[in-house]
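One letter stands for each residue in the lines below.
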Amino acid sequence: MSDNPKKGRNRKSFRTLWEEGAIQKKTRITYDVVWNVILFFIIIGVVGLFFAGGVGAGYFASLVKDEPLRSKADMTDTIYNYAETSTMFFNDESEIGDVSSDLYREEVSLDQVSDHLKNAIIATEDENFNLHKGVVPKSVMRAIVQEVTNSSVKTGGSTLTQQLVKNQILTNEVSFERKAKEMVLALRLEKFMNKDDILEAYLNIVPFGRNANGQNIAGIQTAAQGIFGINADELSLAQSAYIAGMPQSPFAYTPFYNDGSIKEEELLQPGINRMHEVLERMLDGGYITKEEYDKAMAFEISGETLTEPKTTANSAYPAINQEIQKRAKEKIKDYLLKQNGHTEKDLKEDEALAQEYEELAERELSSGGYKIHTTIDKEVYESMQKVRDAYTKSNWPWGKKTVYNEKGEPYKIDSPLQLGSIIIENSTGKIYGFIGGYDFDENPYNHATQARRSNGSTMKPLLVYGPSFDTGAAQPGSVIADVPYTYRDQPGKEVRNFSRGHKGFVSARYALAQSYNVPAVKQYNEIRNINPVKNYLDKMGMKEHLAEGDYRNESMALGGLTHGITVEDNVNAYATFGNMGKFVDAYMIEKIEKKDGDVIYQHKKQETDVFSPQAAYLTIDVMRDVLDYGTGSRVKGLIQNRGVDWAGKTGTSQATKDSWFVATNPNVTVGMWTGFAEGNMQGMNYNQRTQGLWADVVNAASEVDPELMIPKDNFQSPGGLVTRSYCATSGLLTSDLCSSVGLAASDLYDADYAPTKTDDSLVSGNFVRVKGNLVQAGPNTPKEFILDGGGVTLSPEFLKENGYTSPAVLRALIPNNAKWNKVGLPSSDAIGSTKSSIDNDGKAPSAPGSVSVSGSTLNWQASGSSDVVGYRVYTAASPGGSFSLIGSTASTSYKFSGDGVYAVKAVDYFGQESSLSSPVTVGNPGAEPEPEPKQETEESEPQNEEPAEQEENDSSEESPAEADTENTEEAAADEEIQEETEDAPPEENQEEETPEE
């Protein structure tokens, strides 16, 4: 017991205090106080939370108040409206390539995606994807805290659904407003789309950096192809993990630079690290086993595992790529105009609207996922490019062209001879192939579809002869005099042929085959009153290229266009003949369809009647002659399938700036143009080269597609045609007199326009030739000089009626060949009268001079008198002996035999003789001849006492094989080819044109 009782009391035991209740009492008081305090703070906290929640809800509501309540259709349409690369296809549905774009994407369905890739995306981007309803609150709160606290680690709070909404409906703007809208829309989207649809859409829109060509790519199929060269359903685990990690930072993790080259090892490492991170998440999520994980972790990203660059449309087919995109853009723009209720007229009146549609169509083309089906045949097109590529820089002509430096100063650079070619199917207008230029990669300017040039004499069938045959203004057998002629609109300016000469009477057929300019311009003036430019060229698709002056100018007959036309325009127009007079507009795009299969454009064939079938066939038949004996005769020896029925025309523009050859067969029409950007082709065998290239294209295309290029049948007559004989002087029906002098010819005619009147251009009778003219013989005219069988001359009335009156015209009127030797001109003073114009001066003619001997022929100079009709030849047995007559001739030469002294007298129209010319001695006249031994077995040959009269005109009939070539510098090279054309009509020399403008 303690000595200090108080102390003892103060030190009561816990048990005593507990038993006394003291502890309980104090604890209850403390508990009550603490609980009340805690309760107070709980109440305050709850009130604060409600207040904060109300404020937060109000703030959230304010952020999304402007977001409309979207319908299911609206949301799904917007989600699926992701940019997808448009693709072009050849006519066999093989792929040309993708349309050039800033972003390449190819859509794929979810069942075409590797399960590894699907799992990798979910494990990496949204581990709760299959559980949430569009938003994960926990993740959102974490992201908000990280954002508010500016945490260095930001895990993000967006689900795949939210990312899809952000990419397709909203923007990439970083703001609480965008985030709030994203959450609302994600929750709503989950009600309209199932998980597979959302995942499929996400995989098709997400960006994946660059492909092996350096192009920006999006969508899993494009990524699989562009990075590993396989389809999305073929991706391995490691490849899937690598691609799945890229959306976090596409251009940091992509293995390629923008030129397609592979990054260095240290720059590849971030993407590899990200791949490893994805594999870890897949392992943690139970998507893969540890064994699969270890194997995938060993996968290397290098040049050996990455794909090689692929050929693109722009690199493999740059000309097609450019041309199809240009045409497709116009078709898409037309579609958009119709969808929005606008017209082309609206665009012309509103420049801003026009620009808006240009940009909209461009964007649609590059990212609308369209499938563009073309008419281009891959094999035909590639065969044409091989023709071009066969000519290297060393064997191809080069010139110069002017370019400008940054200061605007001009200087010259090397420039190759360019070419453009195209193949068009007559009946459909399909363009099967073309050549855009010699160096399209370096100079992306399409010389087949863009370059506008003068078409030279290829205009003649289109604007002159075709319309003339169609209207009856001329027919193939119509006669057009190729004589000196001046432009009606430019008095004093002469229309000139290539040779600068004239060929006289020629048929329309021959004038076209030999490409004479004078007949073409003369005939064009005959039909200008019907406006052939409007009624024919416009109908053949050239209206948009023609200027106002083109509807009036005479030079149009020779291709004198103000701005020119394209190879496509020219060949398309020629296809009208091949299509028997019906024009079908050429095209390259068959149809355009959306990615869902809806067709927004389908080509529809439209025919325009231009020429009657009869006129078309007649023009074709005449153009066959161009290849048979005309300016294109070398072509037949160059083409491999010589049985094909080709009809065509050459063309050369003024100053030889352009060279053309266009020809059609029953299936297709093929054209070739060559020319420099600047300057001309003089001295370069340009026509030979152009026709050779044309033949090379035809041969190459025929080899790969004979069904297209080699028709089974020839052009078939449409009926309504007749064959008629005509006189080569007038084109009228042949008279007996015309036939008797060998001037009857025959040709095809439209039955409605065949000649019905008989020729009356010739006059017969006794004629003598005076100074080259045929003149009716007078009563005193010596009979030995009258032409055998009588003579024939052109009727003075005929000459006057047709305006053939000037000396220059008359000199050129009768062709200079043997066929015309029996026909002459009356004296120019007699035109309009049938009486003789020879006046009797009462004087004997002057004697001929300078008699000489050449072998067995006497030659002398003509008498100076103007009324001489011939010469009499005399001989004397010895010098000083008397002369006796031995013969007469109308020429200035005479064949003789035997020694003697010879002299000549001139004889005039009235029978008067001149004095003897100075004599010439031949041999040893007067000497005693040695006796000849008797020959009992051979009879002596009698002497020809009256040698045949030597014709004044010694020129023999020219065949095209002997005629001038289109280019004098090419004559030697053409001899071999020309020998094949000896069966050509014996008319004028060949030549090509240089149009006057």
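The text that follows walks through the structure, step by step, so that each part is easy to find. (Residues numbered from 1 in each chain as written. Predicted model: local features only at pLDDT ≥ 70, side-chain atom pairs only at ≥ 80, totals over all residues. Heavy atoms only, no water.)

A closer look at empty space enclosed by the protein
Any space left empty among the atoms is revealed by the rolling of a water-sized probe across them.
Working step 1: On inspection of all chains with the given rule, the structure shows two cavities of 30 Å³ or more.
Working step 2: Each pocket or cavity is described by its volume, and for the second largest cavity that value is around 30 Å³.
Working step 3: A class-by-class count of the residues in the lining of the second largest cavity yields six nonpolar, four polar and no charged. (1 Å grid on protein atoms, 1.4 Å probe; cavity = no way out; pocket = protein on both sides within 12 Å on 5 of 7 lines; lining within 4 Å. Points joined across faces, edges and corners; volume = space filled by probe spheres on them. Nonpolar A, V, L, I, M, F, W, Y, C, P; charged D, E, K, R; others polar.)

Structural notes on the state of the cysteines
Working step 1: On inspection of all chains with the given rule, the structure shows one disulfide.
Working step 2: The residue that forms a disulfide with Cys727 is Cys738, at a sulfur-sulfur distance of 2.2 Å. Taking the torsion about the S-S bond as the criterion, the Cys727 to Cys738 disulfide, at about 100°, is right-handed. Within this pair, whereas Cys727 is found in strand S20 (residues 721-727), its partner Cys738 is found in helix H28 (residues 736-740), the two being separated by eleven residues in sequence. (Disulfide = S-S within 2.5 Å. Helix = DSSP H or I, 4+ residues; strand = E, 2+ residues; numbered from the N terminus.)

Regarding the packing of helix H20 (residues 459-471) against helix H22 (residues 517-527)
Working step 1: Viewed as axis vectors pointing N to C, H20 and H22 meet at an angle of 60°, and their least axial separation amounts to 9 Å. When the axes of H20 and H22 are compared, the pair comes out oblique. Here H20 runs over H22; the crossing is left-handed. For the pair formed by H20 and H22, the contact residues are Lys460, Leu463, Val464, Tyr465, Pro467 and Ser468 on the first element and Asn517, Pro519, Ala520, Gln523, Tyr524 and Ile527 on the second.
Working step 2: Considering only residue class, the contact of H20 with H22 consists of eight nonpolar, three polar and one charged. (Axes fitted to C-alpha atoms, helices over the stretch in contact; angles between N-to-C directions. Parallel < 35°, antiparallel > 145°, perpendicular 65-115°, else oblique. Left-handed = near helix turned anticlockwise from the far one by under 90°. Contact = heavy atoms within 4.5 Å.)

Description of the packing of helix H13 (residues 265-284) against helix H14 (residues 290-297)
Working step 1: Relative orientation of the contacting elements H13 and H14 amounts to 175°, with a least axis distance of 10 Å. As summarised for this structure, H13 and H14 are arranged roughly antiparallel, according to the angle between their axes. Two secondary-structure elements touch here, H13 through Met275, His276, Leu279, Glu280 and Leu283 and H14 through Lys290, Tyr293, Ala296 and Met297.
Working step 2: Counted by class, the contact of H13 with H14 contains six nonpolar, one polar and two charged residues.

A few points about the layout of surface pockets
Working step 1: A volume near 1,300 Å³ is recorded for the second largest pocket.
Working step 2: Residue lining of the second largest pocket: 38 residues in total, with Lys331, Glu544, Asp585, Ala586 and Tyr601 positioned closest to the centre.
Working step 3: Secondary structure elements with two or more residues in the lining of the second largest pocket: helix H16 (318-340), helix H24 (567-578), strand S13 (582-584) and strand S15 (599-602).
Working step 4: Here the element with the most residues in the lining of the second largest pocket is H16; it accounts for eight residues.
Working step 5: Looking at the lining of the second largest pocket residue by residue, the classes come out as eleven nonpolar, ten polar and 17 charged.

Digging into the packing of aromatic side chains
Working step 1: Using the criterion set out here, one finds 23 aromatic pairs in the structure.
Working step 2: Ring geometry for Tyr317 against Tyr381: centres 6.1 Å apart, planes inclined by 65°, an arrangement best described as edge-to-face. Residue Tyr317 is found in the loop between helix H15 (313-316) and H16, and its partner Tyr381 is found in helix H19 (residues 378-389); the two are separated by 64 residues along the sequence. Assigned by exposure class, Tyr317 and Tyr381 land together as buried. (Phe/Tyr/Trp six-rings, centres within 6.5 Å; stacked < 30°, edge-to-face > 60°. Buried < 20%, exposed > 50% of the residue type's maximum accessible area, 1.4 Å probe, protein only.)

Examining the environment of Asp115
Working step 1: Following the sequence through the fold, Asp115 ends up in helix H5 (residues 115-125).
Working step 2: The spatial distance from the C-alpha of Asp115 to the C-alpha of Tyr287 is 9.9 Å, given a sequence separation of 172 residues.
Working step 3: Here the side chain of Asp115 touches Lys118 through a polar contact of 3.2 Å, side chain to side chain. (Polar contact = N/O pair within 3.5 Å; in protein donor to acceptor, adjacent residues only side chain to side chain.)

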